[in-house]
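Here are the chains, one letter per residue:
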Amino acid sequence: MGTYTYTSQPRALPCQRRRYRDNLLQPDDEPMRFGNIMYDRRVIRGNTYALQTLPLAGQQDPLELQRLQQAKRRALARKRAREQFRPRTPEPVEGRKHVDVQTELYLEEIADRIIEVDMECQTDAFLDRPPTPLFIPAKTGKDVATEILEGELFDFDLEVRPMLEVLVGKTIEQALLEVMEEEELANLQASQNAYEELRSIELAEVQRLEEQERRHREEKERRKQQQWEVTHKHNETAQKIAAQAFAQRYLADLLPSVFGSLRDGGYFYDPIQRDIEMGFLPWLLNEVDKTVEHSMLGRTVLDMLIREVVERRLDMFEHKYPTPGNRSWQGSSGAMAGSVGPYEFQAPGTSPTQNSFLAKDYQSRPTPDRRSLERGLSQDGRGVEEGDPTGQSTDTGVKQTAELPDVWNSAQP
Amino acid sequence: MAHTQISMYLPPDINPTQAAIAYGCRALPKLNEELQSENLRTRQKALMALCDLMHDPEHVYQAIQIGCLESLKALLRDSNHLVRIKTTEVLCIMATHNIGREGFLKHNVVLFLSLLLNDPQLLCRLNLHQAYKHLAQLPQGAQGIINSGLIPSLVWKLQREEHESVQLLILDTLSSCLWEGAASEALDNRVVPFLKEMLLSANEDIRAKAAHTLMAVCVPLDGKNQVWQYDVIPILVHMLKDPMQEVQANAAGALMYATITTEGKYAALDAEAMPPLLMLLNSTLSKVRLNAIKALTMLAEAPEGRSYLQAHVPVFRLIEDDPNPAVQQAALTAIKVIEWKP
């Protein structure tokens, strides 16, 4: 048997009939009256095969509808009219109001019936003996009363409240303070720890970098030192090489120049040539000089001889024919000797005695005219003699001239 | 009529060991007077009350203004140990505030506190070292400690002290002072051998703090040389494999500084420092990663290190994507150093 669901639940329909005359103000608290379905026109009884089909709702014959409505309206109007004519309590007088009044406190139903109440009486079953009542002796003594006015007694609950509040409040406040202090301390400690960590890390970093820097610097210094040494050596070597090259070049030039200068200086000599130059030629020249000297000497001797002869002849002549002009001949001989004298002056190292001797002899009769004459004479000889630069010739000349005075002196009486 | 006093008994929360704190601005002057009193109990009670009051920085300021520090300094030499303990505690609490620290430095409290370095009471020494530790966290405070010539005694104490908590505090103080430049004094006092022993201790906190102090020691050149001389580097490399991250981070940091010198680098390379450092790159703590990257950067300066690390450049490239910007920067620097050609 399955369950059955209703689209619309079956319910008892209320009856639309109104029992009592309706007020216009319809109270709602009347009990609902339900209609009897036996007498409900909506319920179809009997034969349902041939029904007068009612027109569907809403599609009633409009005329009928209208008629029905009109009838309803008329009924309503009639009712209202009837209401108006019904006797009512008259309206209140001016200034007054109708008030409902209840005459009795309790409503009484007027009826004939007498209210009857049944009463019974029965003794109780055996009861327990009740407890003896408390013996309260009669009061003796004086009654003393105190009067407690309003507000003398204190209400403990009221009074204790503020104190309790203070106590509890202070305790909790203190506790809160201490907890907060501890929290603050813990926070401070934590932040201090963090700071300490950071600080130690930073310090370590700084020291590490310092150390690194120091090591790098030392390394750099060492490398720089090394490099400096290398470059220094390099420079030195380069300089040495340069110096060597330069020296080589210089010396390369030097050698030929040295040789050249030596050669120029005459250090490289052909020994034969040298020998010839050194030995032979001087001897040759000496010999030539000697020869020339000899010839010169011969000439001079000849000159002197001639002069001697001429002087003797002059003396003899003067002896025979004395004139003041004789002295000039002597002077000329002196001048001649004087011309020889310069030869002596030319030669170094002649003995001063010979010089003075000559000078003593021949300077006693100086005359410039004759000297110039003799000079002219002797100049030829001198010219010949001066041509010979060698010292030997002059020496020989000097020796020979030195010999001359001896010859001359010996010649003189 | 209601009485102000409700019952004859005192309220249950009044502390009989504390002096009564006067109201408002009279509190501290009254306590100051009580501190100077002859009665021992008064002094003790005043000290207890002062301990409570010193948590408030305004009270600290006022206390220093009225010269509480002078009375406290006098109390440091007291014969009663409770008085001394409490005085050091008060000073320790004052040292947690900046005003307190500045007051310490102005009134030369450091020197007076140092008289108690050899105190038989452990609590006294604990408080003392805690006060020093707080003071040393301020740069001027660290300078003050250095100027008072406390570094040699602290180093000596480091070795003598048996209690590890005190050792931890001394290590903290020393590391803060060393960051401020006490390194030469400390090195003269043989701090490196002491730290070397501590690196091998069983307590991991001590190891971590000792490594941190060693990191501070390695900052100046003398420290690096001494660390290399005493062969601390192999121990540091060994500590890189420690399970605790803080230890790893500090060991990597100390290595980072120690390997700046060439001898340090080669000592680390001989001790096979690079594989553990590469493993540390994957750690979760950013400090570890940062220090490891920096240490590897130092080692990459040496030719052998560079050739070894060239195979690991991809790892560094991966690290460049790290959220921490400092780590990224460090990774970039590391790659630059590894790929540097002379």
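Residues numbered from 1 in each chain as written. Chains lettered and ligands numbered in written order. Predicted model: local features only at pLDDT ≥ 70, side-chain atom pairs only at ≥ 80, totals over all residues. Heavy atoms only, no water.

Draft legend 1. Structural context of the overall build of chain B. Each helix and strand counted, chain B has 23 helices and 0 strands in total. Split into buried and exposed, the 342 residues of chain B put 56% on the buried side. Accessible area of chain B: about 15,600 Å², with a carbon and sulfur share of 55%. (Helix = DSSP H or I, 4+ residues; strand = E, 2+ residues; numbered from the N terminus. Buried < 20%, exposed > 50% of the residue type's maximum accessible area, 1.4 Å probe, protein only. Areas by Shrake-Rupley, 256 points an atom, 1.4 Å probe, with all protein chains shown as cover.)

Draft legend 2. Representation of the overall build of chain A in the model. The helix and strand tally for chain A stands at 7 helices and 0 strands. For chain A, the N- to C-terminal ordering of α and β elements is α-α-α-α-α-α-α. Split into buried and exposed, the 413 residues of chain A put 13% on the buried side. For chain A, the exposed surface amounts to about 37,900 Å²; the carbon and sulfur share of it is 57%.

Draft legend 3. Spatial organisation of the interface of chain B and chain A. On the chain A side, the residues contacting the 23 residues of chain B number 16 residues. Counting the surface lost from both chain B and chain A, the interface buries some 1,800 Å², and carbon and sulfur atoms represent 57% of this. On the chain B side of the interface with chain A, the three residues burying the most area are B:Trp179, B:Ile260 and B:Glu301, jointly 28% of the side's total. Inspection of the chain B/chain A interface yields 3 salt bridges. Across the contact surface, chain B and chain A share 8 residue pairs in polar contact (both at pLDDT 80 or more). When residues of the side of chain B that touches chain A are traced back to their parent elements, those giving at least two are helix H14 (204-217), helix H17 (245-258), helix H18 (262-270), helix H20 (286-299) and helix H23 (325-338) of chain B. Considering only residue class, the side of chain B that touches chain A consists of 11 nonpolar, 7 polar and 5 charged. (Contact = heavy atoms within 4.5 Å. Buried area = accessible area lost by both parts, 1.4 Å probe. Salt bridge = Lys/Arg side-chain N within 4 Å of Asp/Glu carboxyl O. Polar contact = N/O pair within 3.5 Å; in protein donor to acceptor, adjacent residues only side chain to side chain. Nonpolar A, V, L, I, M, F, W, Y, C, P; charged D, E, K, R; others polar.)

Draft legend 4. Quick peek at the side chain of B:Lys265. Looking at the secondary structure, you find B:Lys265 in helix H18. Comment: no salt bridge for buried B:Lys265; closest opposite-charge side chain is B:Glu301, at 4.9 Å. In this structure, B:Lys265 is in contact with A:Arg215, B:Thr259, B:Ile260, B:Met298, B:Leu299, B:Glu301 and B:Ala302, ignoring residues within four places of it in sequence. (Lys, Arg positive; Asp, Glu negative; His and termini not counted.)

Draft legend 5. Up close: unusual backbone geometry. Residues and elements named next belong to chain B. A positive phi angle is found at Asn108, which is not glycine, with a value near 60 degrees. For Asn108, a relative accessible area of 35% puts it in the partly exposed group. With a phi close to 60 degrees, Glu272 is a non-glycine residue in the positive phi region. With respect to the helices and strands, the residue Glu272 is situated in the loop between H18 and helix H19 (274-280). Judged by relative accessible area, Glu272 falls into the exposed class, the value being 54%.

Draft legend 6. Fine view of the layout of surface pockets. As a volume, the largest pocket reaches approximately 1,600 Å³. The wall of the largest pocket is formed by 41 residues, among which A:Gln189, A:Gln192, B:Lys133, B:His134 and B:Gln137 lie closest to the centre. When residues of the lining of the largest pocket are assigned to their parent elements, the largest contribution, 12 residues, is made by helix H2 (residues 156-265) of chain A. Of the residues contributing to the lining of the largest pocket, the split by class is 13 nonpolar, 16 polar and 12 charged. The two domains that each donate at least three residues to the lining of the largest pocket are domain 1 (16-148) and domain 2 (181-271) of chain B. Lining of the second largest pocket is provided by 20 residues; of these, A:Lys170, A:Gln174, B:Ile21, B:Asp52 and B:Leu53 occupy positions nearest its centre. Listing elements by their share of the lining of the second largest pocket, those giving two or more residues are H2 of chain A together with helix H2 (40-53) and helix H3 (57-66) of chain B. When residues of the lining of the second largest pocket are assigned to their parent elements, the largest contribution, 7 residues, is made by H2(A). (1 Å grid on protein atoms, 1.4 Å probe; cavity = no way out; pocket = protein on both sides within 12 Å on 5 of 7 lines; lining within 4 Å. Points joined across faces, edges and corners; volume = space filled by probe spheres on them. Domains from an automatic or database assignment.)

Draft legend 7. Structural view of the environment of B:His134. Residue and element names in this part refer to chain B. The topology assignment puts His134 in helix H8 (residues 122-136). The spacing of His134 and Met94 is 40 residues in sequence and 9.4 Å in space, taken between C-alpha atoms. Discounting chain neighbours no more than four positions away, the residues touching His134 are Cys92, Ala95, Thr96 and Arg101.

Draft legend 8. Structural context of the state of the cysteines. One pass over the full model with this rule turns up 0 disulfides over all chains. Free cysteine: B:Cys51, not disulfide-bonded; nearest cysteine sulfur from B:Cys92 at 9.5 Å. (Disulfide = S-S within 2.5 Å.)

Draft legend 9. Broad picture of a negative patch on the surface. Taken together, A:Glu178, A:Glu181, A:Glu182, A:Glu184, B:Asp56 and B:Glu58 make up a surface patch of like negative charges. No other element matches H2(A), which puts 4 residues into the negative patch. Residue classification places A:Glu184 among the exposed residues on the basis of a relative accessible area of 53%. (Patch = residues over 30% accessible without salt bridge, like charges linked within 9 Å, V, L, I, M, F, W, Y side chains within 5 Å. Charge placed at Lys NZ, Arg CZ, Asp CG, Glu CD.)

Draft legend 10. Inspection of a positive patch on the surface at higher detail. Together, A:Arg74, A:Arg78, A:Lys79, A:Arg82 and A:Arg86 make up a region of like positive charge exposed at the surface. Note on placement: A:Arg82 falls in helix H1 (residues 62-85).

Draft legend 11. Structural view of the packing of aromatic side chains. Summed over the entire model, instances satisfying the criterion amount to 4 aromatic pairs over all chains. Across from the ring centre of B:Trp179, 4.6 Å away, lies the NZ or CZ of A:Arg199, which sits over that ring. (Phe/Tyr/Trp six-rings, centres within 6.5 Å; stacked < 30°, edge-to-face > 60°. Lys NZ or Arg CZ within 6 Å of the ring centre and 35° of its normal.)

Draft legend 12. Examining the nonpolar core more closely. Residues and elements named next belong to chain B. Among the nonpolar cores identified, the biggest contains 128 residues, and Leu72, Met94 and Leu277 are the most heavily contacted of them. Among the elements that take part in this core, H17 stands out by supplying 9 residues, more than any other. Contacts of Met94, omitting those with residues within four sequence positions, involve Met54, Val60, Ile64, Leu69, Leu72, Gly100, Arg101 and Phe104. (Core = buried A, V, L, I, M, F, W, Y, C linked by side-chain atoms within 4.5 Å.)

Draft legend 13. Expanded view of H2(B). Residues and elements named next belong to chain B. Between its first and last C-alpha, H2 extends 20 Å over 14 residues, near the 20 Å set by a 1.5 Å rise per residue. Considered for burial, the residues of H2 that qualify are Arg43, Gln44, Ala46, Leu47, Ala49, Leu50, Cys51 and Leu53. At its buried positions, H2 is contacted by helix H1 (27-35), H3, helix H4 (68-75) and helix H5 (81-95). The backbone nitrogen of Arg41 lies 3.2 Å from a side-chain oxygen of the residue at the head of H2, namely Asn39. (Expected span 1.5 Å × (residues − 1).)

Draft legend 14. Spatial organisation of the confidence of the model for chain B. Confidence along chain B averages 84 in pLDDT terms, with 96% of residues attaining 70 or more. Both confidence scores are given for the complex: pTM 0.53, ipTM 0.74. (pLDDT = per-residue confidence, 0-100.)

Draft legend 15. Highlighting the pattern of salt bridges. Under the definition given, this model contains 23 salt bridges over all chains. Between A:Glu308 and A:Arg312 there is a salt bridge, with its nearest N and O atoms 3.2 Å apart. A residue pair is termed a helical-turn pair when its members lie 3 or 4 positions apart in one helix, as A:Glu308 and A:Arg312 do in helix H3 (residues 271-320) at 4 residues. Since its relative accessible area comes to 49%, A:Arg312 is described here as partly exposed. Here B:Glu339 ties to B:Arg317 by a salt bridge, and the two come within 3.6 Å at their closest N and O atoms. Placement of the pair is B:Glu339 in the segment after H23 and B:Arg317 in helix H22 (residues 313-319), with a sequence separation of 22 residues. Given a relative accessible area of 42%, B:Arg317 falls into the partly exposed group.

Draft legend 16. Inspection of the packing of helix H9 (residues 139-147) of chain B against helix H11 (residues 164-179) of chain B at higher detail. Residue and element names in this part refer to chain B. Put simply, H9 and H11 touch, their axes get as near as 9 Å, and they point 100 degrees apart. If you check the angle between H9 and H11, you find them roughly perpendicular. Note on element contacts: H11 touches H9 through Thr173, Ser176 and Cys177, opposite Ala142, Ile145 and Ile146. (Axes fitted to C-alpha atoms, helices over the stretch in contact; angles between N-to-C directions. Parallel < 35°, antiparallel > 145°, perpendicular 65-115°, else oblique.)

Draft legend 17. Structural detail: a nonpolar patch on the surface. Residues and elements named next belong to chain A. There is a patch of nonpolar side chains on the surface, built from Ile272, Ile276, Phe280, Leu281, Trp283, Leu284, Val288 and Val292 and spanning about 700 Å² of accessible area. By the secondary structure assignment, Phe280 is in helix H3. Phe280 gets classed as partly exposed once you look at its relative accessible area, which sits at 41%.

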